[in-house]
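# Reading the structure
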Amino acid sequence: MNIHLIAVGDKMPRWVQEGYQEYARRLPPECALKLLEVSARHRGKNADIARITRDEGQALLKAIPKSSHVIALEVDGRSWSTSDLATQLGNWMANGRDVSLLVGGPEGLATECRSRADQLWSLSSLTLPHPLVRVVIAEQLYRAWSILHNHPYHRA
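First things first, this report covers the structure right here in the doc. Nothing here was measured: the structure is a model prediction, and the numbers come from that model. (Residues numbered from 1 in each chain as written. Predicted model: local features only at pLDDT ≥ 70, side-chain atom pairs only at ≥ 80, totals over all residues. Heavy atoms only, no water.)

### Some points on the packing of helix 1 (residues 14-24) against helix 5 (residues 130-148)
The contact between helix 1 and helix 5 brings their axes to 8 Å, and the two run at 15 degrees. The orientation of helix 1 with respect to helix 5, classified from their angle, is roughly parallel. Once helix 1 is placed against helix 5, the crossing between them reads as left-handed. From helix 1, W15, V16, G19, Y20, Y23 and A24 reach across to helix 5, where they touch P131, L132, R134, V135, A138, E139 and Y142. In the contact of helix 1 with helix 5, the residues fall into 10 nonpolar, 1 polar and 2 charged. (Axes fitted to C-alpha atoms, helices over the stretch in contact; angles between N-to-C directions. Helix = DSSP H or I, 4+ residues; strand = E, 2+ residues; numbered from the N terminus. Parallel < 35°, antiparallel > 145°, perpendicular 65-115°, else oblique. Left-handed = near helix turned anticlockwise from the far one by under 90°. Contact = heavy atoms within 4.5 Å. Nonpolar A, V, L, I, M, F, W, Y, C, P; charged D, E, K, R; others polar.)

Given below as C-alpha cells:
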C-alpha cells in the first residue's frame, strides 16, 4: 500500500522538506509515503480566490491515483487520537488499497475535493500552516505505524 500525500504548494522551505523526509523515509515499503505536489496558483492583490481554490482542487483531484481511498484534511473533519490513527492505518493496510490524503492551499480545499473524499480528517482545531501539515502528517503516520509494530518510537 502507498499513501499519497497530495498537497498544494511546491516551493517549501528546506526545513519542511527535511522534516517531511525524516519521517517519510522511516516508513517501510509496504506503507510508503509519497508526496505529490500541486502548484499553488498566484494570489495577487485582486485575485479571484474562489476560482483559484477550484483550479487547485481540480489539480488535486487529477493527481489522485485510481481506486485510491481518499481522505481530505479539513478543519471540520473528524479528529483522531494517535491510537485512532493507528487503527485507521491498520485498516488501510489490511484493505490493500492506496490511500490519498488531500491538503489544500491557504484557503483550504475546494468543495469538489471534500465531496470526493471517503473520509474527512481534522489534524487539529487550530489553524496550521500548510507546510507544517506535511511534517505533522508524516510524523503521525510513522508514529501510527510504530504503534502497530510495537516499535519503541511511540512511548505513551
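From this point, things continue past the structure.
### Here we look at the packing of aromatic side chains
Per the stated rule, a full pass over the model turns up 6 aromatic pairs. Aromatic side chains Y142 and W145 sit 6.0 Å apart centroid to centroid with 20 degrees between the ring planes, which places their arrangement in the stacked category. Taken together, the residues span about one helical turn, with Y142 and W145 both in helix 5 at a distance of 3 residues. For the pair Y142 and W145, a shared accessibility class is recorded, and that class is buried. The rings of Y23, Y142, W145 and Y153 are connected pair by pair, giving a single aromatic cluster. (Phe/Tyr/Trp six-rings, centres within 6.5 Å; stacked < 30°, edge-to-face > 60°. Buried < 20%, exposed > 50% of the residue type's maximum accessible area, 1.4 Å probe, protein only.)

### Structural notes on helix 5
In a regular helix each residue adds 1.5 Å, so 19 residues correspond to 27 Å; helix 5 covers 27 Å between its end C-alpha atoms and thus fits that length. Within helix 5, burial applies to V133, R134, V135, I137, A138, E139, Q140, L141, Y142, A144, W145 and S146. Its buried side turned inward, helix 5 meets strand 1 (2-8), helix 1, strand 2 (32-38), strand 3 (69-79), helix 3 (82-95) and strand 4 (99-103). Phi for N150, located one or two positions after helix 5, is positive at around 50 degrees. (Expected span 1.5 Å × (residues − 1).)

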